[in-house]
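Close look at the chain arrangement
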Amino acid sequence: MREEAATEAGWVAPELREEFPGLALRYLSVDGGSARTPRHVKGRLADLSNRFSGPQAINLRHQPIPWAYRVFYRHIGLDPDEQPTPVEAVALERVKRGGFISRSLLDDALTIAIIESGVALRAFDAGRAEGRLGIRQSEPGEGLEGRPGELPQGTLVIADEARPLGLLFGAIAAGRGVRPRTTRTILTAVQVKGVPDIAVEEAIWLAADVLRS
Amino acid sequence: MPEEVLEIEAGDSSLQPIEALDALLGGAGRVDLLTERRARHDLRRQIALLERRLGELFTSAFPRQGIDWRVGALGGPRVLGVAELERVRDALATRLHEARAEVGRRGEIEAQNRGMVEAMIAEPERYRWVLVSNEDVGEPGCRHWHSRPRWGILGMLMGWWRVKLSSGCPLARGLRLLQTGTWPAKRDTLRPPQSIVSLTLA
C-alpha cells in the first residue's frame, strides 16, 4: 500500500484572514508533472460527461460550494458571470462542447476533481516554488512574471515565500505553472467561507489520485 | 431591504481582536476601523443573500434566453472598500429587480400563449397558420403547435383546419463524414448509432 502524504495548510496574510474569515489555501505536492492521459482516465472523463448534463450545469448556482465561490468572487470585485468560477468554467465547457475534452493528464485530473467536488484547484511547478505557499495582497512595484507592468497594489495573489505565483482565481505567472519538464507538481485548493474542509481534502486527493494513476 | 439582510450574525470572531484592541487604545481611529469593518462585513452578507436570490431566479428562469444576469466586475481580485461593496450590492439588487420584472413580464406573455394554444386546439379555423413554439410558452424543447389545413389546399378551400403538434427536436446526430472520408448513404444515417460505429470500423 502506498504511503500517502498529508495536505499542507498554506498561510494567509493576517489582514486577509481578518477580512475574509474562511479564506484558506491547502496544497499537496505530488511526484511527476503532466503527461498523456491514459485510456482509463479518458474513460472516467467520458463517464463524467455522461453523468453531468445541462440541467446540472444550470443548477450549479443552487449548490452550496459553487455558490460560496460565486459570493466570494463578488466580494473581491470579480463578476462570476464574466469570469466564471472554476467549476462553472468546466461545466460551461461541458455544455458547449458536449463533453469534457481530454487535454493532458494534469488538466483531466483537475477537471475530474473540480467537477466532483466543486472546489477551485490550481497546479504549480513545485521545482519553481520557494518555501510554503499562501495568499496575500501584492506589494507596491510587484508584478506577475510574463505579464507586462506592475500589479495594482493590493491584488490578491497566490504566492510562495519569494514572489507571486499567480492571481487568485486568475493567470499563473510565466514559468510557474506545470510544464513538460516539471518533475513535481503542487496541487492547490483555494477554500472560501462556506466550503467545508472535507470537500477541499477530497478535491486534492481526487486530483492526486488521477495524477498517480 | 429584506429583513434577513439586516440580521446581525452573532459571535463574529473576526471582530473580537479589534474590539479588544479598541478597548485598550480607546482611539477614534480604531473606532472608525471597527465601524468600517462591520460595514464591510454587513455588505458582504447582503451580497451573499442577493447572489442566492439571483441564482434562484436564474434557475427558475431557465430556459428563457436573453435576460441579462451580469452585474459587472470592479477590477479584482482585491479587498473592496465600503463604497465598492455598496456598488456591488446595489448593482446586484438592481439586476435582481430587473430580472424579476423581465421574468414576470415573460411569464404573463407565456400564460397568454398557453391560453392561445388551448383556444387553437378548440377552434383551429380561427387561428389559421398560427404557430406557437415551446419557447413561446416558456418550456424547453423544440415542440410547436401549428394550425394548418387538413389535406393541403383542399382543406384550405373546405375550411378543414387542425392543430398539428411537431414531434420535437431534430436528432443531435445529423449527416457527417465517416472516418473513411465518405458521406454515408441516407439509409445508414437513419440506423441506430451502433450500426454507424460498426460501419465505421469496417
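Attention here is on the structure that accompanies the text. (Residues numbered from 1 in each chain as written. Chains lettered and ligands numbered in written order. Predicted model: local features only at pLDDT ≥ 70, side-chain atom pairs only at ≥ 80, totals over all residues. Heavy atoms only, no water.)

**Looking at the overall build of chain A**
- Looking only at helices and strands, one finds seven helices and eight strands in chain A.
- Counting only contacts in chain A whose residues sit at least 6 apart along the sequence, the fraction spanning at least 24 positions is 70%.
- Carbon and sulfur atoms provide 51% of the accessible area of chain A, an area that totals close to 9400 Å². (Helix = DSSP H or I, 4+ residues; strand = E, 2+ residues; numbered from the N terminus. Contact = heavy atoms within 4.5 Å. Areas by Shrake-Rupley, 256 points an atom, 1.4 Å probe, with all protein chains shown as cover.)

**A few points about the overall build of chain B**
- A tally of helices and strands in chain B yields seven helices and three strands.
- Each helix (α) and strand (β) of chain B, taken in turn from the N terminus, gives the series α-α-α-α-β-β-α-β-α-α.
- For chain B, the residues scored as buried account for 33% of the 202 residues in total.
- Here the contacts in chain B between residues at least 6 apart in sequence split such that 45% fall between residues at least 24 apart.
- By element, 55% of the accessible surface of chain B is carried by carbon and sulfur atoms, the whole surface being about 12800 Å². (Buried < 20%, exposed > 50% of the residue type's maximum accessible area, 1.4 Å probe, protein only.)

**Quick notes on the sheet that holds strand 1 (residues 8-9) of chain A**
- The four strands lie next to each other as 1-3-8-4 (chain A), forming an open sheet whose pairing is antiparallel. This sheet does not close on itself; its edge strands, each paired only once, are strand 1 and strand 4 (120-125) of chain A. (Pairing = 2+ DSSP bridges.)

**Looking at the environment of Val163 of chain B**
Residue and element names in this part refer to chain B.
- Along the polypeptide, Val163 turns up in strand 3 (residues 161-165).
- Among the residues examined, Val163 registers a relative accessible area of 23% and is labelled partly exposed.
- For the pair Val163 and Arg150, spaced 13 residues apart in sequence, the C-alpha to C-alpha distance is 9.2 Å.
- Once residues within four sequence positions are removed from consideration, Val163 is found in contact with Met120, Ile121, Pro124, Trp145, His146 and Ser147.

**Let's talk about the pattern of salt bridges**
- Within this structure, the stated rule accounts for 33 salt bridges over all chains.
- Arg37 of chain B is the salt-bridge partner of Glu18 of chain A, the closest N and O atoms lying 2.9 Å from each other. On the criterion of chain membership, the pair formed by Glu18 of chain A in helix 1 (residues 14-19) and Arg37 of chain B in helix 3 (residues 28-61) is interchain, its members lying in two chains.
- One continuous salt-bridge network, built from bridges that share partners, spans Arg61, Arg70, Arg74, Asp79, Asp81 and Glu88 of chain A together with Glu51 of chain B. (Salt bridge = Lys/Arg side-chain N within 4 Å of Asp/Glu carboxyl O.)

**Details of the pairing of strand 7 (residues 164-167) of chain A**
All names here are of chain A.
- Relative to strand 7, strand 6 (residues 156-159) is paired through three bridges, and the arrangement is antiparallel. Bridge pairing in strand 7 links Ala159 to Pro164.
- Remark: four residues form the turn of the hairpin made by strand 6 and strand 7, two consecutive strands paired antiparallel.

**Focus: the sheet that holds strand 7 of chain A**
Residue and element names in this part refer to chain A.
- Ordered in space as 2-5-6-7, the four strands form an open sheet in which the pairing is mixed. The open sheet terminates on both sides in strands that have one partner only, identified here as strand 2 (11-12) and strand 7.
- As paired strands, strand 2 and strand 5 (residues 134-137) are joined by two bridges and run parallel to one another. Counted as the bridge partner of Trp11 is Gly134 from strand 5.

**Some words on the side chain of Ser147 of chain B**
Residue and element names in this part refer to chain B.
- Position of Ser147 among the secondary structure elements: in strand 2 (residues 144-149).
- We classify Ser147 as buried; its relative accessible area is 0%.
- A polar contact of 2.9 Å, which involves the side chain of Ser147, links it to the backbone oxygen of Pro124.
- The residues touching Ser147, leaving out its near neighbours within four places in the chain, are Met120, Pro124, Tyr127, Arg128, Trp129, Val130, Trp161, Arg162 and Val163. (Polar contact = N/O pair within 3.5 Å; in protein donor to acceptor, adjacent residues only side chain to side chain.)

**Considering the interface of chain A and chain B**
- Each side of the interface is counted separately: chain A has 26 residues, and chain B has 31 residues.
- Summing the contributions of chain A and of chain B, the shared interface buries around 2600 Å²; its carbon and sulfur component is 58%.
- Applying the counting rule to chain A against chain B returns six salt bridges.
- Put simply, Arg37 of chain B and Glu19 of chain A hold a salt bridge, and the shortest N to O gap is 3.7 Å.
- Our count for the contact surface shared by chain A and chain B stands at twelve residue pairs in polar contact (both at pLDDT 80 or more).
- Taken together, the elements giving at least two residues each to the side of chain A that touches chain B come down to helix 1, helix 3 (54-59) and helix 4 (64-75) of chain A.
- The element that contributes the greatest number of residues to the side of chain A that touches chain B is helix 4 of chain A, accounting for five residues. (Buried area = accessible area lost by both parts, 1.4 Å probe.)

**A word on helix 5 (residues 86-97) of chain A**
- Helix length check: helix 5 of chain A, at twelve residues, gives a terminal C-alpha distance of 17 Å against a target of 16 Å (1.5 Å per residue), a fit within 8%.
- One or two residues past the end of helix 5 of chain A sits Gly98 of chain A, with phi positive at roughly 75°. (Expected span 1.5 Å × (residues − 1).)

**Observations regarding unusual backbone geometry**
- With an omega of 10°, the peptide bond running from Phe62 of chain B to Pro63 of chain B counts as cis.
- Relative to the helices and strands, Pro63 of chain B is located in the loop between helix 3 and helix 4 (82-122).
- For Phe169 of chain A, which is not glycine, the phi torsion reads 60° and is therefore positive.
- With respect to the secondary-structure elements, Phe169 of chain A resides in the loop between strand 7 and strand 8 (184-191).
- Even without a glycine there, the phi angle at Trp129 of chain B is positive, about 65°.
- Along the polypeptide, Trp129 of chain B turns up in the loop between helix 4 and strand 1 (131-133).
- Owing to a relative accessible area of 45%, Trp129 of chain B belongs among the partly exposed residues under this scheme.

**Section: the packing of aromatic side chains**
- Enumeration over the complete set of coordinates arrives at eight aromatic pairs over all chains.
- With 4.9 Å between their ring centres and 50° between their planes, Tyr73 of chain A and Phe169 of chain A make a pair best called tilted. In this pair, Tyr73 of chain A is assigned in helix 4 and Phe169 of chain A in the loop between strand 7 and strand 8, connecting sequence segments 96 residues apart.
- On the basis of relative accessible area, Phe169 of chain A is assigned to the buried category, the value being 8%.
- Put simply, the rings of Phe20, Tyr69, Phe72, Tyr73 and Phe169 of chain A pair up and form one aromatic cluster.
- A cation over a ring is seen here: Arg61 of chain A above Phe58 of chain B, with NZ or CZ 3.8 Å from the ring centre. (Phe/Tyr/Trp six-rings, centres within 6.5 Å; stacked < 30°, edge-to-face > 60°. Lys NZ or Arg CZ within 6 Å of the ring centre and 35° of its normal.)

These results come straight from atomic positions and should not be treated as a statement about function.
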